Amino acid sequence: MTCKRKRLQSDITSRAAISKRSRHTTEPDLLSPLSDELLIRILTFLPLPDLLNTSPVSRRFYHLSGDYQLWKRLYYSHFVLPRALRIPGFRDGSAREGKLHYSSRKAVWADGRKGGWADMHVGDSDDSSRDWKKQYKLRHNWSKGKCAVEELQLRQELSLHETSLSHKVLVNITEGIAITADATTGLRAWDLKTKQLLAQIGLGEVDSGAAPSCIAIDDQKIHQHILEIAIGFIDGGFGVWALDVEERRILLRYRHKKSSNGELVGVAFSYPYLLTATKSVLISMYTFDGPNKTDCASTLESTREVNSYVRNFENKPGQDSGRIEQDPKIVTLQAPYLLTSLKSHTSRAPLTLSIRKTTGSIIASIVYTFSTLQGWCLGIQDLHLRPPISRSKHTSDIITTRLAYTLPVWNSSSHFPSTLTSPARHTGLQSSHQENGAIYGPINLCYTHPYLLATLPDNTLILYLCTSNATSLSISPGIRLWGHTSGISDAEITARGKAVSVSSRGEEIRVWELEGRAHGKSIEIRPATRPTANDKEGTDDPAIIDTTAVQWDGRRNWVGFDDEMVIVLKESRGRESLMVYDFT
């Protein structure tokens, strides 16, 4: 009887390896023969975590898992469809013809801003070039409050003279570009992606009267890479500048001399219309398409005056001091024509202005505060203007004016109002009652039709919905928004109902999604660290500061946002900077 050799463990391992290799070489590969279209169709059935897990499988799956068709579908199902289902009649099909139709123009599906709107539409040949995965990530980060934060220094220590100015730095943001204005450094434009200074120009002599007090941006020509900026001053004057993003320079278009009407506290600009408000609540409506001059002398004089301003500005890095005629896209403006002016002695600050264009008219809105027997109210006055119907008629007509006001709000921490005015008797900005001395009420107002948001001193906000048509204007009852645990410094809202608010000490920044919701829901922004430009090899930019641990050691005076980032104006130990919260 022969003895069998005991099988060694190494033999068993070797046979298993051979069998495994044989099995891989003999069994057919079911995925490789499939076309990319079929694989993408299969991937559409995977949930988001599984789709992300297929990315590192191979180079082919890495590209397939990032296909625009997959992420467009995910974007639609997570962010578009929930909004569409809130449309009355959408569920039963009465508000649509079988399916949801999308417009080829810029829509407000993504984030309520013009730049970077992810418009959902069909049949667009350029649709494959859209980075839908990036758009999904952007909206996801907004919904979770996840972002990176960097600090952009505007200037260092302030001198005693600069500190005494009542208005220091004004900020506005659009399309990833921040516009800042102050009496010392003038008007500057910053690219928030690269954190670089695009252009700079002076505003005139540095004194208390020449200090800017309000700012507005008109982005109608953004497709031409042109931004127009209107600035009001403490001395009652105002000016219009144009930023050429491609040429990286700012040019002065018009400069209005100081006025005896007093400090400007609000300005709205949508060419050719300019709306201003003084501290004493004198509202002025201008148009730059006024009647033709009888001769060219006044136009020539205006051009010489503008160029004299430009020649007096000191040359600085990124500053343009050339004559305006050198840029064919930007021309000198004639003196504006005053369409109308409104005066009220019962209205008081805060107030805000806006200009929006509809199909058949231009609507200029004034939102203001006034006192009542029951407390305080907010009023809205709309001026409907008809554009000139021909070149021979250059003056716009005011068709009508609409007035609406909110229900009274009583502030329990305040005394009875010193001026007793009933809302039923309030007639808007044409009234002339006794001077109002009340000091309570909202801290700040922001209005982007149809949303009106008021910031209150009790750490809350009130949201109003404005309804306007050709015959009426109304304001819904206010909705109190809770969430902040400290005093709110500023807030901003878009036409889609997306708002951002910041506390005065900066330790709390909240994002609000208010569209179609009976009660406001907010998300706190939680910034994460990011390597700054100083950490990259060969880069030396002292303007960027890494905020590894965000220190709330200063006051936050202003907040603004676009589709990708939030910026907050920070003042700390005499220095001013922009905190940039990037959600990309």
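Note that the structure is a prediction, hence the values are computed from the model and not measured.

**Observations regarding the overall build of the protein**
Step number 1: A tally of helices and strands in the protein yields eight helices and 31 strands.
Step number 2: Long-range contacts, defined as pairs at least 24 residues apart, comprise 55% of the intrachain contacts of the protein with a sequence gap of at least 6.
Step number 3: Of the roughly 29000 Å² of accessible surface on the protein, 52% is carried by carbon and sulfur atoms.

**Thoughts on the sheet that holds strand β14 (residues 347–357)**
Step number 1: Spatial ordering of the open sheet is given by β14-β15-β16-β17, a layout of four strands whose pairing is antiparallel. With partners counted over all chains shown, the strands left at the sheet margins are β14 and β17 (397–405), one partner each. Averaged over all adjacent pairs, the angle separating strand axes in this sheet is 15°, with direction ignored.
Step number 2: Two strands pair when backbone bridges link them, and β14 and strand β15 (residues 362–371) are joined in this way by eight bridges, in the antiparallel orientation. From the neighbouring strand, Arg356 faces β15, where its bridge partner is Ile363.

**Let's talk about the sheet that holds strand β13 (residues 337–343)**
Step number 1: Ordered by their spatial adjacency, four strands build an open sheet running β10-β11-β12-β13, and the pairing between neighbours is antiparallel. The outermost strands of the open sheet, each flanked by one partner alone, are β10 (264–270) and β13. Strand-to-strand twist across the sheet, computed as the mean angle between neighbouring axes with direction ignored, equals 15°.
Step number 2: In this structure, strand β12 (residues 282–287) lies alongside β13, joined through six bridges in antiparallel fashion.

**Some points on the side chain of Thr287**
Step number 1: With respect to the element layout, Thr287 can be found in strand β12.
Step number 2: Residue Thr287 is classed as buried on the basis of its relative accessible area, which comes to 0%.
Step number 3: The residues touching Thr287, leaving out its near neighbours within four places in the chain, are Pro272, Tyr273, Pro336, Tyr337 and Leu339.

**Let's talk about the confidence of the model for the protein**
Step number 1: Across the protein, the average pLDDT comes to 77, with 67% of residues at 70 or higher.
Step number 2: Here residues 100–125 scores under 50 on pLDDT; set against residues more than four positions off or in separate chains, the count is 71 contacts.
Step number 3: In this model, residues 431–439 is a region of pLDDT below 50 whose contacts with residues beyond four sequence positions or in other chains number 24 contacts.

**Some remarks on a positive patch on the surface**
Step number 1: A contiguous patch of positive charge on the surface is contributed by Lys133, Lys137, Lys144, Lys146 and Lys521.
Step number 2: Note that Lys144 resides in helix α6 (residues 132–144).
Step number 3: For Lys144, a relative accessible area of 44% gives the class partly exposed.

**Remarks on the packing of aromatic side chains**
Step number 1: Throughout the structure, instances matching the rule amount to 13 aromatic pairs.
Step number 2: Relative to Phe370, the ring of Tyr368 lies with its centre 6.1 Å away and its plane at 40°, an arrangement referred to as tilted. When sorted by exposure, Tyr368 lands in the same class as Phe370, which is buried.
Step number 3: Among the aromatic residues, those joined into a cluster by ring pairs are Phe238, Tyr254, Phe269, Tyr271, Tyr286 and Phe288.
Step number 4: Directly above the aromatic system of Tyr271 lies the positively charged group of Lys221, at a separation of 5.8 Å from the ring centroid.
Step number 5: Taking the ring centre of Tyr271 as reference, the NZ or CZ of Arg253 above it sits at 5.6 Å.

**Focus on unusual backbone geometry**
Step number 1: Cis geometry marks the peptide bond from Ala349 to Pro350; its omega dihedral reads 0°.
Step number 2: Relative to the helices and strands, Pro350 is located in strand β14.
Step number 3: Look at the link from His449 to Pro450: it is a cis peptide, with omega at 10°.
Step number 4: Checked against the element boundaries, Pro450 lands in the loop between β18 (444–448) and β19 (451–455).
Step number 5: Of note in this structure, Glu175 is not a glycine but carries a positive phi near 55°.
Step number 6: In this structure, Glu175 sits in the loop between β2 (170–174) and β3 (177–182).
Step number 7: Glu175 sits in the partly exposed class, given a relative accessible area of 26%.

**Side note on the environment of Arg575**
Step number 1: With respect to the helices and strands, the residue Arg575 is situated in strand β31 (residues 575–582).
Step number 2: Judged by relative accessible area, Arg575 falls into the partly exposed class, the value being 31%.
Step number 3: Residues Arg575 and Arg155, 420 residues apart in the sequence, show an inter-C-alpha distance of 6.2 Å.

**Thoughts on the pattern of salt bridges**
Step number 1: Applying the stated rule across the entire model yields twelve salt bridges.
Step number 2: Ionic pairing is found between Glu151 and Lys570, a salt bridge with its closest N-O pair at 3.6 Å. Here Glu151, found in strand β1 (residues 146–155), pairs with Lys570, found in strand β30 (residues 565–572); they are 419 residues apart in sequence, far enough to count as distant. No difference in accessibility class separates Glu151 from Lys570, as the two residues are buried.
Step number 3: What emerges from the salt-bridge pattern is a single network uniting Lys193, Glu564 and Asp582.

**Observations concerning the side chain of Thr369**
Step number 1: Mapped onto the secondary structure, Thr369 falls in strand β15.
Step number 2: Residue classification places Thr369 among the buried positions, given a relative accessible area of 0%.
Step number 3: Looking at Thr369, its side chain comes within polar contact range of the main-chain oxygen of Pro350, at 3.0 Å.
Step number 4: Excluding its chain neighbours within four sequence positions, the residues that come into contact with Thr369 are Thr346, Ser347, Arg348, Ala349, Pro350, Trp376, Cys377, Leu378, Pro442 and Leu445.

**A look at the packing of helix α5 (residues 68–84) against α6**
Step number 1: Where α5 contacts α6, the axes come no closer than 8 Å and their chain directions differ by 30°. Of the possible angle classes, the one that applies to α5 and α6 is roughly parallel. In terms of crossing hand, the pair formed by α5 and α6 is left-handed. Side by side, α5 and α6 meet where Tyr68, Trp71, Lys72, Leu74, Tyr75, His78 and Phe79 of the first sit next to Trp132, Lys133, Gln135, Tyr136, Arg139 and His140 of the second.

**What to know about the environment of Val169**
Step number 1: By the element assignment, Val169 lies in the loop between α7 (160–164) and β2.
Step number 2: The exposure class of Val169 is buried, given its relative accessible area of 10%.
Step number 3: Each C-alpha atom of the pair Val169 and Ser213 lies 8.6 Å from the other, and the pair is 44 residues apart in sequence.
Step number 4: Leaving out residues up to four positions away in the same chain, Val169 has contacts with Leu154, Arg155, Thr180, Ala181, Asp182, Leu569 and Glu576.

**Let's talk about α5**
Step number 1: At Tyr76, α5 shows its strongest bend, of approximately 40°.
Step number 2: Burial in α5 covers these residues: Leu70, Trp71, Lys72, Leu74, Tyr75, Phe79, Val80, Arg83 and Ala84.
Step number 3: Buried residues along α5 sit against α2 (36–43), α3 (48–53), α4 (59–64) and α6.
Step number 4: Measuring from the side-chain oxygen of the N-cap residue of α5 to the backbone nitrogen of Gln69 gives 2.9 Å; that N-cap residue is Asp67.

Rules and cut-offs
Residues numbered from 1 in each chain as written. Predicted model: local features only at pLDDT ≥ 70, side-chain atom pairs only at ≥ 80, totals over all residues. Heavy atoms only, no water. Helix = DSSP H or I, 4+ residues; strand = E, 2+ residues; numbered from the N terminus. Contact = heavy atoms within 4.5 Å. Areas by Shrake-Rupley, 256 points an atom, 1.4 Å probe, with all protein chains shown as cover. Pairing = 2+ DSSP bridges. Axes fitted to C-alpha atoms, helices over the stretch in contact; angles between N-to-C directions. Buried < 20%, exposed > 50% of the residue type's maximum accessible area, 1.4 Å probe, protein only. pLDDT = per-residue confidence, 0-100. Patch = residues over 30% accessible without salt bridge, like charges linked within 9 Å, V, L, I, M, F, W, Y side chains within 5 Å. Salt bridge = Lys/Arg side-chain N within 4 Å of Asp/Glu carboxyl O. Lys, Arg positive; Asp, Glu negative; His and termini not counted. Charge placed at Lys NZ, Arg CZ, Asp CG, Glu CD. Phe/Tyr/Trp six-rings, centres within 6.5 Å; stacked < 30°, edge-to-face > 60°. Lys NZ or Arg CZ within 6 Å of the ring centre and 35° of its normal. Polar contact = N/O pair within 3.5 Å; in protein donor to acceptor, adjacent residues only side chain to side chain. Parallel < 35°, antiparallel > 145°, perpendicular 65-115°, else oblique. Left-handed = near helix turned anticlockwise from the far one by under 90°. Bend = angle between axes of the 7 residues up to and from the residue.

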